[in-house]
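Spelled out, the chains give:
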Amino acid sequence: LKREAPSELATSQLSAEKIGYHALVIGTGTSTQSPLLGLNRDSESLRTTLNAIRAALPNAKHVAIADRSLAGVETAGMLGECLNGCAGWLSSKLENLKVRITLVAVGSGILPVLRPAIANESEGFLAWIGVTVTQGARVVTISPPGAGTERDLMTHATVTLEDGKTLEVVLLVPAICVAPNICFIHESPFTASDSVETTVSTLRVDKVGARVYAMVI
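What comes next concerns the included structure. Computed from a prediction, not measured in an experiment: that's the story for all the values here.

To continue, consider the sheet that holds strand β8 (residues 139-143). The sheet built from 3 strands is open, its strands ordered β8-β9-β10 with antiparallel pairing. Every other strand in the sheet has two partners, leaving β8 and β10 (166-169) as the edge strands with one partner each. Between one strand and the next, the sheet's axes are offset by a mean angle of 20 degrees, whatever the strand orientation. Inspection of the sheet shows β8 paired to strand β9 (residues 157-161) by 4 bridges, in the antiparallel sense. Looking across to β9, one finds that V139 is bridged to L161.

In structure tokens form, the structure reads like this:
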């Protein structure tokens, strides 16, 4: 890129570096709320997280996954088979649960992007490995608020649903959405969802200056 106007980029709280650019593209992607579902930092951090989960799971009595999409269903399936095993061939549901696993689905069913027949079959497979699907109730509050995130990964949590029911869980996996990686961006306009505000047709951050683009979802 041809360098023209200088731009100040803070590399740390203690120092700053000026880097000139012709065009600037912000394309740092997103991070998952749960460190189990993405490589939010480095591989060593992910290994540490997985080891902590493996050590805690044998003593877990109730695990909740907040999502009905592919990530949530896959997580529930892996935990169910690992912790509970599966029902016999003549049974449609596992009765003797070692660990209670709840998949919180916002709408009327899981896997909304797939055909209803596939979603229903998947729900049957989840029941076969001891996963209960709670439908039609959004997660209203999580106490403490950071439960399930990297900061409070193994914190016992109380999940309150829209219908007034509460879930007391040892492990919470919030798989609902992702957050844009924007913590290093200063003095830029943001949307209500904490993304960089751009012009839809051009992806330009017009409020910042010329030839500044953002690819943050």
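There is more to say after this.
A regular strand places its side chains on the two faces of the sheet in alternate fashion. The alternating pattern of β9 places A157, V159 and L161 on a buried face, while none of T158 and T160, on the opposite face, is buried. Judged from the 4 bridges that link them, β9 and β10 form a sheet pairing that is antiparallel. Across the sheet, residue A157 finds its bridge partner in β10, namely V169. Hairpin remark: β9 followed by β10, antiparallel, with 4 residues in the connecting loop; positive phi at G164, about 95 degrees.

With that settled, consider the layout of surface pockets. For the second largest pocket, the calculated volume is near 340 Å³. Forming the boundary of the second largest pocket are 14 residues, of which L36, L50, T75, M78 and L79 lie nearest the centre. In terms of residues, the lining of the second largest pocket owes the most to one element, helix α2 (residues 70-84), which gives 6 residues.

By size, the foremost hydrophobic cluster in this structure holds 24 residues, and its most contacted members are V63, I65, I101, L103, I110, L126 and V131. Broken down by secondary-structure element, the contributors of at least two residues to this core are β5 (62-66), α2, β6 (100-104), α3 (116-128), β7 (131-134) and β11 (171-174). Ranked by residue count, the leading element in this core is α2, at 4 residues. When residues no more than four places from it in sequence are discounted, the contact partners of I65 are G72, T75, A76, L79, I101, T102, L103, V104 and V173. Membership of the second largest hydrophobic core comes to 10 residues, among which are A64, A137, V159 and L172.

So, how was this worked out
Residues numbered from 1 in each chain as written. Predicted model: local features only at pLDDT ≥ 70, side-chain atom pairs only at ≥ 80, totals over all residues. Heavy atoms only, no water. Pairing = 2+ DSSP bridges. Helix = DSSP H or I, 4+ residues; strand = E, 2+ residues; numbered from the N terminus. Axes fitted to C-alpha atoms, helices over the stretch in contact; angles between N-to-C directions. Buried < 20%, exposed > 50% of the residue type's maximum accessible area, 1.4 Å probe, protein only. 1 Å grid on protein atoms, 1.4 Å probe; cavity = no way out; pocket = protein on both sides within 12 Å on 5 of 7 lines; lining within 4 Å. Points joined across faces, edges and corners; volume = space filled by probe spheres on them. Core = buried A, V, L, I, M, F, W, Y, C linked by side-chain atoms within 4.5 Å. Contact = heavy atoms within 4.5 Å.

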